[in-house]
Each structure stands twice: as C-alpha cells, then as structure tokens.
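For reference, the chains in residue letters:
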Amino acid sequence: MGPKKDKCTTISRSKFPRSRGKYTSGRSIKGVVYVNYEYDRVYKPDKKYNIPKRTTIGKKCEDAPDMMYPNPNFLTYFPDAELPDDLGRDVRSSCLRIGTWLVIEKLMMESMVDKIISSIYHDQRGTGLFLDLAAYCLVTENNAGQYYPDYAYNHPLFTPEYKIYSDSTVSTFISQISVEDSVAFQNEWNGLKKKQDKIYISYDSTNKNCQAGDIDIVEFGHAKEDRGLPIFNYSVAYDCNNREPLFYETYPGSIVDISQLQLMLNKAASYGYKNAGFILDRGYFSRENIRYMDHLGYDFVIMVKGMKSFVNEKIREVQGCFEEKRKYTIRRYQLNGTTVKTKVFYSDEKDRYLHIYYSYSKAAAEREELESKIDRIAAYLKKQEGQPVVIDKSYEKYFSLEYYHEGKDDQCFICGIEKASVIE
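Residues numbered from 1 in each chain as written. Predicted model: local features only at pLDDT ≥ 70, side-chain atom pairs only at ≥ 80, totals over all residues. Heavy atoms only, no water.

**Describing the overall build of the chain**
(1) Moving on: The secondary structure content of the chain amounts to 13 helices and 15 strands.
(2) Moving on: Taking all 424 residues of the chain together, 31% fall into the buried category.
(3) Moving on: Accessible surface for the chain amounts to roughly 28100 Å². Of this, 50% is attributable to carbon and sulfur atoms. (Helix = DSSP H or I, 4+ residues; strand = E, 2+ residues; numbered from the N terminus. Buried < 20%, exposed > 50% of the residue type's maximum accessible area, 1.4 Å probe, protein only. Areas by Shrake-Rupley, 256 points an atom, 1.4 Å probe, with all protein chains shown as cover.)

Following this line, the structure appears as structure tokens:
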C-alpha cells in the first residue's frame, strides 16, 4: 500500500459561491459536516414568522473553511458553477461488470435499436446516453436517475470515452425527449417488422396515480388502485410470436379501455399489420369493438365475463358434459375445455367460437373455501342456540333461521337449518 493521501487533494471540491441565500452547517454524521443552503423563506401570517426552506448541497471540507465537496444537487441552485465530473472518486472503476452489458449490446445491434436512435439524435452523445439509460434500466431493474452515476462508474458505456454524466444531466436529457422523438422511434421500429408474417398481438393497458401536479393528460377516472388522485393510462402492444414490444400509447385517465381499442387498431393498421390477430382482456369486450375488428379483418381472442347472458346460457348447455371426460383435458394448464359455435350478440352477422374452460383444481379450492365458510357459520349459530338474540340477516343466505316466540317482544333463537339447494 502506498502513503495515505490527504482527503482534500483526492476529492474535487469547490468554493462556496456568492449568493443571496444563506449557508448553514447541518448536523455532523460520523464526523462529516453537511452544508445546507437556505434558498427561500415563506412567511406564515397566522404565526407571524418566516419558515426557511433548506436543502443539502454538499459536505464541508475539513482543512479549508471556504471550500466544500458539492453534490449533484448543488447544480440545481448554482447552474453556472463549474464542477468536475468525478465528484468525489476516480473517473472509472478498476473492475467493470461487462457480462450482461455484452448481451444487451448484441441485442441492440441485432434489432437495430442503435441505428434507430442515432437517426433521431444525429450525435454520439445523445445516442450513447440514450442507449446507456436503456441498458441501466435493464441491468439494474431500476429507472431512478439519481443512481445512474453509480451504475456508469463500474459498467461499460455506449457514451464516447465512457463519460459519466451526473443525475442532473440525466434528468435534463430525459425531460428533453419529445413526443415527436417517441413517435419517430415507434415508426422506425415497426417499419423493420415483417408484415406478411402471421402474428398475435397481446394488447393491454393499466393506469397510474399521479402527484406531479397540473399535467394535461392526468384526469380523474377509474383507477385500479384508487387513492383519490388523478390518473393517466398507458397501454402496450406486444408481439407474442417474437416476444417483442411493438408500440405503446398514453392517453387521459378519464378514457376507458373500450373507447381506446379502436384507436389502437387504427394504429396497428397504419403500421401495416394486416395478417395479425389480437389477444385482449375482457375490458375491451363490446359489440362495437368486435364489429370494428371484423371491419379491419383482424382475428381476435378476447376474454368475456361468464355472467354475460349469452355466455351463461351456453355454459348451462354444456355443464356436466365435459368437466370429467379425458378427451377434453388440457394437461398443460390442468383444466378441461370445450368449444361452442354461437353468435355473441343478437345482431351478430357470423358465428364465433366460444371457448369454455373448467379448472378442477380451482373448483376444489373454491369448494373447500365454501365448506369452511359454512362450517364457521354453523359453529357460530350452534353457540347462539337457546339465546334471546336476533341473528344478522346476512346469515340467511345459507341458513334458515328458526326462532321460538314466547310473547310479542320476546323471542329465542332455536337453530339454523342449511339451505342445501343454495349451497349446491
């Protein structure tokens, strides 16, 4: 080992810049004093005093009172300050983690993602940083910009000269990606696909709560996880044959899935997907959507609720005919299935194939769950026998409740009798 170097000579530092704000020393953690910057004050009329707003911008240098080690947050309040890129460590790690990166590089080249990105940005810096951020998300399974410099420190990069950009630079770069850039990428990406091949496109959407403030696309709608916040929707079309995403969409939170499907179908047609079928969730089931897919010549497999009148009727027709027979067994999925040819609505112009499935494992689990519930209710009712109580009416779903009336106002609970037909 060589001689121990002085801390202030190995870590890049900066003088405290001149500012109208105030600098204060934060609490010391393990001997390190953090520098807080007071960038504003908010006056509270009810309390008649100011509340300071502070943030940490770096660490105080021990051997030089007018010097500090700035952190990336420093540039937010002092954008004109010149800071070195290393910010507290060597430029590169002595050991690079290259294995996963090599696989991602090969996939990018084979799919020509690198060519598409270079045609959009027209410079090596933008192309390299974009590809590095994509690799960062895949390798770390994370999309938080503040951790990118740590990833770049010990991984190979597409950026020229392996330049490590700060998290503030990453944030600025991402904010500059326009809708036109996204559309251009999707157009180029889908332009490379073989349209003559038969493919099945799985299409689904979800929504996310948003706390970012006043954004045009954010609206109140049917949230999957309702927190009382406005939401936005996004959806992805995925090629099941080649296991590749094809395109995505974002749309306002108030628009439901049924309304959005036809716009997606138009987009698929505009990309030239003529010989395609769609796999859809039950949220897209409607007469208008089915007719529109017929109009565009698309095949489809769509889930539908079992309680729909026409579905329930067909289920009743085949009930007891296929559940226990071996020739209807699909061992791969551990269930039995059969297919019925029918029209899905009264004005339908052609017959559809309705696939009905029966899961014996799910049926056994549901049967056991119901039996356990009945046992709990029976045990509760048994304890109430002979007591002057009135049982809640919710128990009448599975049991007939019997009472003995001694007088006009006095009654005694006798027992509960199972409703066998309801349970069956």
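**Quick word on a nonpolar patch on the surface**
(1) Moving on: Side chains of Tyr 200, Ile 279 and Val 301 sit close together on the surface and give an oily, nonpolar patch of about 230 Å² of accessible area.
(2) Moving on: By the secondary structure assignment, Ile 279 is in strand β9 (residues 276-280). (Patch = residues over 30% accessible without salt bridge, like charges linked within 9 Å, V, L, I, M, F, W, Y side chains within 5 Å. Salt bridge = Lys/Arg side-chain N within 4 Å of Asp/Glu carboxyl O.)

**Examining the pairing of strand β5 (residues 67-70)**
(1) Moving on: Residues Met 67 and Tyr 69 point to one face of β5 and Met 68 and Pro 70 to the other, with burial holding for every one of them.
(2) Moving on: For strand β4 (residues 49-60) and β5, the ladder comprises three bridges, and the chain directions are antiparallel. Its bridge partner lying in β5, Gly 58 is registered against Pro 70. (Pairing = 2+ DSSP bridges.)

**With respect to the packing of helix α9 (residues 257-270) against helix α10 (residues 287-296)**
(1) Moving on: The N-to-C vectors of α9 and α10 enclose an angle of 10 degrees; their axes lie 10 Å apart at closest approach. The orientation of α9 with respect to α10, classified from their angle, is roughly parallel. Here Ile 258, Leu 261, Gln 262, Leu 265 and Asn 266 of α9 lie close against α10, whose contacting residues are Glu 288, Asn 289, Tyr 292, Met 293 and Leu 296.
(2) Moving on: Tallied by class, residues from the contact of α9 with α10 come to six nonpolar, three polar and one charged. (Axes fitted to C-alpha atoms, helices over the stretch in contact; angles between N-to-C directions. Parallel < 35°, antiparallel > 145°, perpendicular 65-115°, else oblique. Contact = heavy atoms within 4.5 Å. Nonpolar A, V, L, I, M, F, W, Y, C, P; charged D, E, K, R; others polar.)

**Brief notes about the packing of aromatic side chains**
(1) Moving on: This structure, assessed with the given rule, holds 14 aromatic pairs.
(2) Moving on: Judged by centre distance (5.8 Å) and plane angle (85 degrees), the ring pair of Tyr 136 and Tyr 148 falls under edge-to-face. Within this pair, whereas Tyr 136 is found in helix α5 (residues 124-140), its partner Tyr 148 is found in helix α6 (residues 148-153), the two being separated by 12 residues in sequence. With respect to class, Tyr 136 is no different from Tyr 148; both count as buried.
(3) Moving on: Aromatic ring contacts, followed pair by pair, group Tyr 121, Phe 130 and Phe 173 into a single cluster.
(4) Moving on: In this structure, Arg 125 packs its charged tip against the face of Tyr 165, placed 5.0 Å from the ring centre.
(5) Moving on: Between the NZ or CZ atom of Lys 193 and the centre of the ring of Trp 189, over which it lies, the distance is 3.6 Å. (Phe/Tyr/Trp six-rings, centres within 6.5 Å; stacked < 30°, edge-to-face > 60°. Lys NZ or Arg CZ within 6 Å of the ring centre and 35° of its normal.)

**Concerning helix α4 (residues 113-121)**
Helical periodicity: at 3.6 residues per turn, an α-helix aligns residues three or four positions apart in one direction.
(1) Moving on: Regarding α4, the residues found buried are Val 113, Asp 114, Ile 116, Ile 117, Ile 120 and Tyr 121. Each buried residue of α4 lies within a common arc of 160 degrees when the element is viewed along its axis, so the set occupies one face.
(2) Moving on: Those residues of α4 hidden inside the fold are in contact with α3 (99-111), α5, α7 (167-175) and α8 (179-191).
(3) Moving on: Positive backbone phi, approximately 60 degrees, marks His 122, located one or two places after α4. (Arc of directions from axis to C-beta.)

**Points about the sheet that holds strand β13 (residues 352-358)**
(1) Moving on: With antiparallel pairing, the three strands of this open sheet are ordered in space as β11-β12-β13. At either end of the open sheet lies a strand with only one pairing partner, and these are β11 (329-330) and β13.
(2) Moving on: Bridge count for β11 against strand β12 (residues 335-342) is two bridges, and the pairing is antiparallel. Its bridge partner lying in β12, Thr 329 is registered against Asn 336.

**Thoughts on the side chain of Thr 338**
(1) Moving on: Among the structural elements, Thr 338 can be located in strand β12.
(2) Moving on: Assessed through its relative accessible area of 15%, Thr 338 is described here as buried.
(3) Moving on: Look past the residues within four positions of Thr 338 in its chain and what remains in contact with it is Val 318, Phe 322, Tyr 328, Leu 354, His 355 and Ile 356.

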